[in-house]
Amino acid sequence: MPLPRATTLAHRILADQIPEGSCVVDATVGNGHDTEFLATLVGDSGRVHGFDVQLAALQSAKERLRAAGLDHRVRWHHGGHESLADQVDDPLRAVMFNLGYLPGGDHALITTAATTLRACSSASVLLVEGGVLSIVLYRGHPGGAEEAQAVETWILGLDAAHWSVARYSPLGRRREAPSLLLASKEPRLA
Ligand SMILES: C[S@@+](CC[C@H](N)C(=O)[O-])C[C@H]1O[C@@H](n2cnc3c(N)ncnc32)[C@H](O)[C@@H]1O
């Protein structure tokens, strides 16, 4: 059996970390696959905040969620995830990023290191203890390798006393395939 893709592994790991009633963020809605996954987990008592800079992406994601009967669990934000701290003040159980460009969309509209780092930094504050940050990174497009490097450097700079971090990364000839970074905010001892 082939090894799981980074996106599949992110879903498997987050499925165990997000109880019903959680408030979570999909920082890059795109076609809404991740939004639908998160909306299923949080249940009717939870909330997903979904961000994307592309209105067309949000509209198609909204349609997907409506067809699945999950639209009411999502608050849609048309704008960059770098405004996360201004738009959301709920304590968050998970924040999910799937970086790069929208497959089938405008490849010029990519996430960038500066705005991604601003959003990651806000996410690290808003996450509850036990909360998880999940980031799928792509190196194959122009700017992707620099963004991936910047995010890895940022995540390694998190205080090791309060965060555990991990990376799932392909090796060898598939090294440009997506990789997954995870950061879990550990409960502080009283
Ligand atoms: C790889 S796609 C996301 C795929 C999506 N999670 C899914 O399940 O279909 C990356 C998305 O990030 C969006 N994006 C780019 N810059 C952004 C920003 N600053 N804030 C929020 N979304 C952004 C793009 O418009 C694109 O839809």
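Residues numbered from 1 in each chain as written. Predicted model: local features only at pLDDT ≥ 70, side-chain atom pairs only at ≥ 80, totals over all residues. Heavy atoms only, no water.

Visitor: Would you take a moment to explain the overall build of the chain for this structure?
Guide: Check the secondary structure of the chain and you find 6 helices and 7 strands. Reading the secondary structure of the chain in the N-to-C direction produces α-β-α-β-α-β-α-β-α-β-α-β-β. On C-alpha atoms alone, the chain measures out to a radius of gyration of 16 Å, which is about the 16 Å that the 2.2 N^0.38 rule sets for 190 residues. The principal-axis extent of the C-alpha atoms belonging to the chain is close to 50 × 40 × 40 Å. (Helix = DSSP H or I, 4+ residues; strand = E, 2+ residues; numbered from the N terminus. Rg over C-alpha atoms; globule rule 2.2 N^0.38 Å.)

Visitor: Is there a simple way to explain the nonpolar core in this structure?
Guide: One finds L92, V95, F97, L133 and I135 to be the most contacted residues of the largest nonpolar core, which totals 26 residues. Among the elements of the structure, β1 (23-26), β4 (92-98), α5 (113-126), β5 (127-137), α6 (144-156) and β7 (179-185) are those that each provide at least two residues to this core. Among all residues touching L133, those that are not within four sequence positions of it are V95, F97, A123, L127, W154, L181, L182 and A183. Judged by nonpolar contacts, the second largest core, of 25 residues, contains L9, A10, L65 and V136. (Core = buried A, V, L, I, M, F, W, Y, C linked by side-chain atoms within 4.5 Å. Buried < 20%, exposed > 50% of the residue type's maximum accessible area, 1.4 Å probe, protein only. Contact = heavy atoms within 4.5 Å.)

Visitor: Just to check I follow, could you spell out the site of the ligand for this structure?
Guide: Every one of the 22 residues lining the ligand counts as a neighbour, but T28, D34, D52, Q54 and H81 are closest to it. Between an oxygen atom of the ligand and a main-chain N or O atom of H33, the distance comes to 3.1 Å. Between the ligand and D52 there is a distance of 2.7 Å, counted from an oxygen atom to a side-chain nitrogen or oxygen. Considering the ligand on its own, with 610 Å² of exposed area, one finds that the protein chains cover 95% of that surface. Residue composition of the shell around the ligand, by class: 7 nonpolar, 12 polar and 3 charged. (Near = heavy atom within 4 Å. Polar contact = N/O pair within 3.5 Å; in protein donor to acceptor, adjacent residues only side chain to side chain. Areas by Shrake-Rupley, 256 points an atom, 1.4 Å probe, with all protein chains shown as cover. Nonpolar A, V, L, I, M, F, W, Y, C, P; charged D, E, K, R; others polar.)

Visitor: Explain the environment of Y138 to me, please; I cannot follow it from the model alone.
Guide: If you trace the backbone, Y138 turns up in the loop between β5 and α6. Separated by 128 residues in the primary sequence, Y138 and A10 place their C-alpha atoms 14 Å from one another. The contact partners of Y138, leaving out residues within four places of it in the chain, are T7, N98, L99, G100, G144, A145 and P178. Among the polar contacts made by the side chain of Y138, one reaches the side chain of N98 at a distance of 2.7 Å.

Visitor: Just to check I follow, could you spell out α5 for this structure?
Guide: One turn of the α-helix equals 3.6 residues, which is why residues spaced by three or four share an orientation. The terminal C-alpha atoms of α5 lie 20 Å apart, and with 14 residues this matches the ideal 20 Å at 1.5 Å per residue to within 8%. All buried positions along α5 are accounted for by T115, T116, A119, C120, S122, A123, S124 and L126. The elements touched by buried residues of α5 are α4 (84-87), β4, β5, α6, β6 (163-168) and β7. (Expected span 1.5 Å × (residues − 1).)

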